[in-house]
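Working through the structure, step by step
Residue-level listing of the chains:
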Amino acid sequence: MKYIFLLFIGCLFSCGAQNSLYNNLDEAPIDGGLQMDDYWVWGSSVIKGDDGLYHMYASRWPKMLPFHPGWMVASEIVHATSKTPEGPYQFQDVALGDRGTQYWDGKSCHNPKIVKYKDTYILYYMGSTHPFEAVTEENLSDFDLSSKWCIAARWGKRIGIATSKSPNGPWKRQNEPILEVEPNSYYSFLTSNPSPLIKEDGSVVLLFKGRSYKEDGVSQSDMSIGVATAPSFDGDYTVIGDEPLFSMERFGEVEDPHLWSDDAGYHMIAKDQRGLITGGKGDGLVAHSENGIDWIIDENPRAYTKTVKWNNGKTIKQGQLERPFVFVENGKPTHIFFATMDGPGGFSNGTKTWNMVIPLKK
């Protein structure tokens, strides 16, 4: 193994009853983040531009489609701005949309993560395509996870990048993904959910989600999280090691990892899919690293729960709370963004999704 991931008794950077994120969650602004009528809105990533505005990139797809698996065939990445980190963010344009079946990312762009290196903005995302007609109200009854659209779109999920000299675009997309599947690996079926960290020397550490084919050669495994590196954002990406950082066999199933760096070092936040690490299904976990490759889970790993205190005086357990994104300004984490859904839980039970934000106490 070229990397080590350890459960650690004791905290790498600081000790205490809880980690610094969980203890410092403030009230969420009820009108913060991004909401869009007639669209499902999901996972956001935010960066401050040279214009002083906060630029958000988020996924959306029409509410005519079911939330899941509608994103597989019709998601696009939109760009919105705000004068403050909390928002509300105002829609500006479609950053990455449908560009045709012939492209690897031609029909769906999803899970954006925005970073900047020197004068270049780099938008990491998951893309996919399918060779079929569009899903419309006329054929919607035929659309589900086992339909031709989803079989093709899920099989084609890969990670790519688009670049621009401005947060407003235009974005230059590549004709090939940056991280392909590998036979007989934990990512033999798909690669998805990219989370990059660009170091000062320009090299990249990239966490990603993988699924593999099971022995029957048809069905797919549970989710695994792996790590890849590259000498630069536009260089060759190499997966490190033969085993994932997280899987059902290693610590527990984890999704939605997000990497960031601040004055204290390298950090990761992720969703504990089954609660095997934090004790709460869907709660957030946090870990730290000195190099972005070798990771240590906090002694007190829980970073958040689905229960949110809003600034209108209400405390609500959200139906879903996913895609955590930690925003850093002047070397300090200041906000955590989430994709969220109303309802009792479960993708089929919500009527509304949006991107929300929780400020961190000063």
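See above for the structure.
Note that the structure is predicted; figures quoted are calculated from it, not measured. The numbers attached to residues start from 1 for each chain and follow its sequence in the written order. Local features in this predicted model are restricted to residues of pLDDT 70 or higher, and side-chain atom pairs are both shown and tallied only at a pLDDT of 80 or more, whereas totals for entire chains, interfaces and linings draw on every residue. As a rule here, side-chain values cover all heavy atoms of the structure and leave hydrogens and water aside.

With respect to the overall build of the protein chain
Definition in use: We count a stretch as a helix when DSSP gives it H or I for four or more residues in a row; a strand needs E for two or more, and each element gets its number in order from the N terminus. Only protein chains enter the accessibility calculation, which uses a 1.4 Å probe. A residue is then buried if its area is under 20% of the maximum for its type, exposed if over 50%, and partly exposed in between. Contacts are residue-level and defined by heavy atoms, with any inter-residue pair within 4.5 Å sufficient. His is not counted, nor are the chain ends, whereas Lys and Arg count as positive and Asp and Glu as negative. Taken as the charge location is NZ of Lys, CZ of Arg, CG of Asp or CD of Glu.
Counting its secondary structure elements, the protein chain contains two helices and 22 strands. Considering only C-alpha atoms, the protein chain reaches an extent of 55 × 50 × 45 Å along its principal axes. Put simply, the protein chain has 362 residues, and 58% of those count as buried. When contacts within the protein chain are restricted to residue pairs at least 6 apart in sequence, those whose partners lie at least 24 apart make up 56%. On the protein chain, the mean spot of the 35 positive side-chain charges and the mean spot of the 45 negative ones are 3 Å from each other.

Quick look at the packing of aromatic side chains
For clarity, the threshold we go by: Only the six-membered ring of Trp is used, alongside the rings of Phe and Tyr, when aromatic pairs are assigned; centres must lie within 6.5 Å, and planes under 30 degrees apart are stacked while those over 60 apart are edge-to-face, with the rest tilted.
Following the criterion strictly, the structure yields 18 aromatic pairs and no others. Pairing Trp310 with Trp354 gives two aromatic rings, centres 6.3 Å apart and planes at 40°, and the pair type is tilted. Of this pair, Trp310 sits in the loop between β18 (307-309) and β19 (315-317) while Trp354 sits in strand β22 (residues 353-359), and the two are 44 residues apart along the sequence. Since its relative accessible area comes to 3%, Trp310 is described here as buried. With a relative accessible area of 10%, Trp354 lands in the buried category.

As for the packing of helix α1 (residues 67-74) against helix α2 (residues 148-155)
Rules: Lines are fitted to the C-alpha atoms to define the axes, a helix being fitted only along its stretch in contact, and any angle between axes, read from their N-to-C directions, falls within 0 to 180 degrees. Two helices that cross are described as forming a left-handed crossing if the nearer one is turned anticlockwise from the farther one by less than a right angle, and a right-handed crossing if clockwise. Just so you know the grouping, Ala, Val, Leu, Ile, Met, Phe, Trp, Tyr, Cys and Pro go in nonpolar, Asp, Glu, Lys and Arg go in charged, and all remaining residues, Gly too, go in polar.
Where α1 meets α2, the axes come as close as 9 Å, and the angle between the chain directions of the two elements is 65°. Where α1 crosses over α2, the two elements pack in a sense that is left-handed. Note on element contacts: α2 touches α1 through Trp149, Cys150, Ala153 and Arg154, opposite His68, Pro69, Met72 and Val73. A per-class count over the contact of α1 with α2 returns six nonpolar, one polar and one charged.

Details of α1
Most of α1 is tucked away: six of the eight residues are buried. All of the buried residues along α1 are Phe67, Pro69, Gly70, Trp71, Met72 and Val73.

Considering the pattern of salt bridges
Test applied: Salt bridges are defined by distance alone: a side-chain nitrogen of Lys or Arg within 4 Å of a carboxyl oxygen of Asp or Glu.
Tallying each qualifying case throughout the model produces 18 salt bridges. We note a salt bridge from Lys209 to Glu255, for which the minimum N-O separation is 3.1 Å. Here the residue Lys209 occupies a position in strand β11 (residues 204-211), and Glu255 occupies one in strand β14 (residues 254-262), the gap between them amounting to 46 residues. This pair shows no difference in class: Lys209 is buried, exactly as Glu255 is. Linked by salt bridges that have partners in common, Lys209, Glu255, Lys271 and Glu322 make up one network.

As for the sheet that holds strand β8 (residues 158-164)
To keep it simple, the criterion reads: At least two DSSP bridges between two strands are required for those strands to pair.
The sheet built from four strands is open, its strands ordered β6-β7-β8-β9 with antiparallel pairing. At either end of the open sheet lies a strand with only one pairing partner, and these are β6 (108-117) and β9 (172-173). Here two bridges tie β8 to β9, and the two strands are oriented antiparallel to one another. Within β9, the position partnered with Ala162 by the bridge is Arg173. Across the sheet, α1 lies against β6 and β7 (120-128), angled at about 70° from β6, the strand it touches most.

Looking at unusual backbone geometry
Cis geometry is adopted by the peptide bond preceding Pro88, which originates at Gly87 and carries an omega value of 10°. Note on placement: Pro88 falls in the loop between β4 (76-82) and β5 (90-96). The omega torsion of the bond from Gly169 to Pro170 falls at 0°, within 30 degrees of zero and hence cis. You can see Pro170 is positioned in the loop between β8 and β9. At Asp38, a position not held by glycine, the phi torsion is positive, near 70°. Take Asp38: it is sitting in the loop between β1 (5-7) and β2 (39-48). Classification of Asp38 by relative accessible area gives exposed; the value is 60%. Unlike most non-glycine residues, Asn184 shows phi in positive territory, near 60°. Structurally, the position occupied by Asn184 is in the loop between β9 and β10 (190-198).

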